[in-house]
Amino acid sequence: MRVLLVGSGGREHSIGWKLAQSSRVDELISLPGNPGLAELGPTVEGIDVTDVGAIAAMARIHRVDLVIVGPEAPLAAGVADSASSLGIPVFGPTRSAARLESSKSFAKDVMNRAGIPTGASKTFTDHQSAMDHLSRTEGPYVIKADGLAAGKGVLVTESRTDAESWVGYCLEGGFGDAGASVMIDEYLDGPEVSVFAVCTESGAVPLEPARDYKRLFDDDEGPNTGGMGSYSPVDDLPRDLVTNVMTDVIDPVIEQMRVDGNPFTGFLYAGLVLTDTGPKVLEFNVRLGDPECQAILPRMTSDLVDVLEGASPEWSAMATVNVVLASVGYPTAPEKGAVIKGLDRVPDDVIVFHAGTKRDGRKLLVSGGRVLNLVGTGATVGEARAKAYAAAETVAWPGAQYRTDIADGYRLPL
Ligand code: GLY
């Protein structure tokens, strides 16, 4: 089959890398792709990933058999609907079902009706009502722009003044339409964990968990990022966590969406907080995590296309540790254009997934914030970690930065 993969980051490179091993995939086309994906098949440039009509038309012209979508923005823009309307199968939710990620109040309403454990919340479009609510609430305050804000729309603060300012910033257009309503959520205390499931018309099957490190610096200091590293397996999770989350969270949300006439298919990512009273859902995403995906897929021994059709995946006992190399200035103002050196010295048991890179003749340049993922593999997390970090020392450009504590001591990030 011919597969069109939408997206350009490390997550998409790892999905493409896995698809390229599938006995069922004859050709992988990436839109727009990246230099890593370009080694696996043709790439299509010049179409924005949210231009869903153009993506569907391009898929038809190239007689694509299956579209797989990496990031949330094309799903929220309706790429599944556009391609399906032309008879092209898509692995990913419709625009309406993607509201599980693109509208926090929508997701909360589904969770409440399905009896899924989550924090109490209220949503506001009116400034004064939100201020009145804050005045009756104790911190820490959790304020979220309702829509997609590229991971920047959430503030957690002890300061009521800062909470009030954030509400004002959202409602006054700081995040455009994404902040036209704001959710004031209950603060959930405990370590965070993500559980991923593949949802098809025949049900949901879990993937192996991976742990993500969101802060820029070691010891979970510094600003939030898209994720600076990940590892799998994660062996310090509560017993039966994945089984319980499937029963208490994933299956009920899928059933509620079906009852609502808004069935969900695609990857479902439940962000959880392990509170004293059990796991509670912080948020849903309708895609795989980046950089978790890069640690998970190398451990999958099943054919990814079979899994996307509902087969239960099988896993290698091998461990993976993914160290993200980011550019100087990331996440606020990443510098671009530096020449990346040393990739030819990375050993075969470290998988390199490209993210913010671009080719310039024979040179490879930095073109984004998160630049490369170096995924060490080994019999244990410790061995995989040592390999990833040895590789990180061989790859360089001026200002490259990475955390040195990914998978160190199996600590739960705060
Ligand atoms: N790693 C977090 C995310 O993909 O949203």
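What counts, and at which threshold
- Residues numbered from 1 in each chain as written.
- Predicted model: local features only at pLDDT ≥ 70, side-chain atom pairs only at ≥ 80, totals over all residues.
- Heavy atoms only, no water.
- Near = heavy atom within 4 Å.
- Polar contact = N/O pair within 3.5 Å; in protein donor to acceptor, adjacent residues only side chain to side chain.
- Areas by Shrake-Rupley, 256 points an atom, 1.4 Å probe, with all protein chains shown as cover.
- Pairing = 2+ DSSP bridges.
- Helix = DSSP H or I, 4+ residues; strand = E, 2+ residues; numbered from the N terminus.
- Contact = heavy atoms within 4.5 Å.
- Axes fitted to C-alpha atoms, helices over the stretch in contact; angles between N-to-C directions.
- Buried < 20%, exposed > 50% of the residue type's maximum accessible area, 1.4 Å probe, protein only.
- Patch = residues over 30% accessible without salt bridge, like charges linked within 9 Å, V, L, I, M, F, W, Y side chains within 5 Å.
- Salt bridge = Lys/Arg side-chain N within 4 Å of Asp/Glu carboxyl O.
- Disulfide = S-S within 2.5 Å.
- Core = buried A, V, L, I, M, F, W, Y, C linked by side-chain atoms within 4.5 Å.

A. Representation of the site of the ligand within the structure. In the region of the ligand, the neighbouring residues are Asp212, Gly226, Tyr269, Arg287, Gly289, Asp290, Pro291 and Glu292. Asp212 places a polar side-chain atom, nitrogen or oxygen, 2.8 Å from a nitrogen atom of the ligand. Its free accessible area being 200 Å², the ligand has 87% of it covered by the protein chains.

B. Seen up close, the sheet that holds strand β2 (residues 27-32). Taken together, the four strands give an open sheet; going across it, the order is β2-β1-β3-β4, and neighbouring strands pair in parallel fashion. Looking at strand neighbours, the two that pair on one side only are β2 and β4 (90-91), the edges of this open sheet. As paired elements, strand β1 (residues 2-7) and strand β3 (residues 66-69) share four bridges and run parallel to each other. Of the residues in β3, the one forming a bridge with Leu5 is Ile68. Here helix α1 (residues 10-19) sits on the sheet in contact with β1, β2 and β3, set at roughly 170° to β1. On the sheet, helix α3 (residues 52-61) packs against β1, β2 and β3 and is oriented at approximately 160° with respect to β1.

C. Broad picture of the environment of Gly190. Looking at the element boundaries, Gly190 is found in the loop between β8 (182-185) and β9 (192-200). It is 5.6 Å that separates the C-alpha atoms of Gly190 and Val273, two residues lying 83 residues apart in sequence. Once you skip the residues sitting within four places of it in the chain, Gly190 turns out to touch Val273 and Leu274.

D. Focus on the sheet that holds strand β21 (residues 370-378). Spatially, five strands are ordered β11-β14-β17-β21-β18 in an open sheet, and the strand pairing comes out antiparallel. Each end of this open sheet is capped by a strand with a single partner; those strands are β11 (211-212) and β18 (350-354). Relative to strand β17 (residues 319-326), strand β14 (residues 229-232) runs antiparallel, the two sharing four bridges. When the bridges of β17 are listed, Ser230 appears paired with Asn322. Sheet strands in contact with α1 are β18 and β21, and its direction is about 120° off that of β18.

E. Quick peek at the pairing of β8. On β8, burial covers both faces: Val182 and Ile184 on one face and Met183 and Asp185 on the other are all buried. Relative to β8, strand β5 (residues 121-124) runs antiparallel, the two being bridged by four bridges. Pairing of Thr123 across the sheet is with Met183, part of β8. By the bridge criterion, four bridges tie strand β6 (residues 141-145) to β8 in an arrangement that is antiparallel. In the strand pairing of β8, Ile143 is matched with Ile184.

F. Structural view of a nonpolar patch on the surface. A grouping of Val154, Val156 and Tyr187 is seen on the molecular surface, where their side chains present a nonpolar patch of about 240 Å² in accessible area. Tracing the backbone through its elements, the reader meets Val156 in strand β7 (residues 154-157).

G. View of the environment of Gly266. Looking at the secondary structure, you find Gly266 in strand β15 (residues 266-275). Of the residues examined, Gly266 reaches a relative accessible area of 0% and is grouped as buried. Residues Gly266 and Val198, spaced 68 residues apart in sequence, show a C-alpha to C-alpha distance of 6.0 Å. Excluding residues that lie within four positions of it along the chain, Gly266 makes contacts with Phe91, Gly92, Pro93, Ala197, Val198 and Cys199.

H. Region of interest: the environment of Ile88. Note that Ile88 resides in the loop between α5 (79-85) and β4. When the C-alpha positions of Ile88 and Leu66 are compared, they lie 6.5 Å apart, and in sequence the two are 22 residues distant. Excluding its chain neighbours within four sequence positions, the residues that come into contact with Ile88 are Ala56, Ala59, Arg60, Val64, Val67 and Ala83.

I. Region of the structure containing the state of the cysteines. Taken as a whole, this structure holds zero disulfides when the rule is applied. Cys199 provides the cysteine sulfur closest to Cys293, a residue in no disulfide bond, and the two sulfurs are 15 Å apart.

J. The nonpolar core, seen in detail. Leu4, Leu100, Ile250 and Phe284 are the most contacted members of the largest nonpolar core, which totals 77 residues. With nine residues, helix α10 (residues 241-259) is the single largest residue contributor to this core. Those residues in contact with Phe284 that sit more than four places away from it in its chain are Leu100, Glu101, Ala107, Met111, Val249, Val253, Leu268, Tyr269 and Ala270. With 27 residues, the next largest nonpolar core counts Val3, Leu66, Leu288 and Met300 among its residues.

K. Geometry of the pattern of salt bridges. In total, this model carries 22 salt bridges according to the counting rule given. With its nearest N and O atoms 3.4 Å apart, the salt bridge here joins Glu383 to Lys387. With a gap of four residues between them, Glu383 and Lys387 both fall in helix α13 (residues 381-394), about one helical turn apart. Using a relative accessible area of 34% as the deciding quantity, one classes Glu383 as partly exposed. Residue Lys387 is classed as partly exposed on the basis of its relative accessible area, which comes to 24%. Among the charged side chains, a salt-bridge network with shared partners connects Arg24, Asp306 and Glu309.

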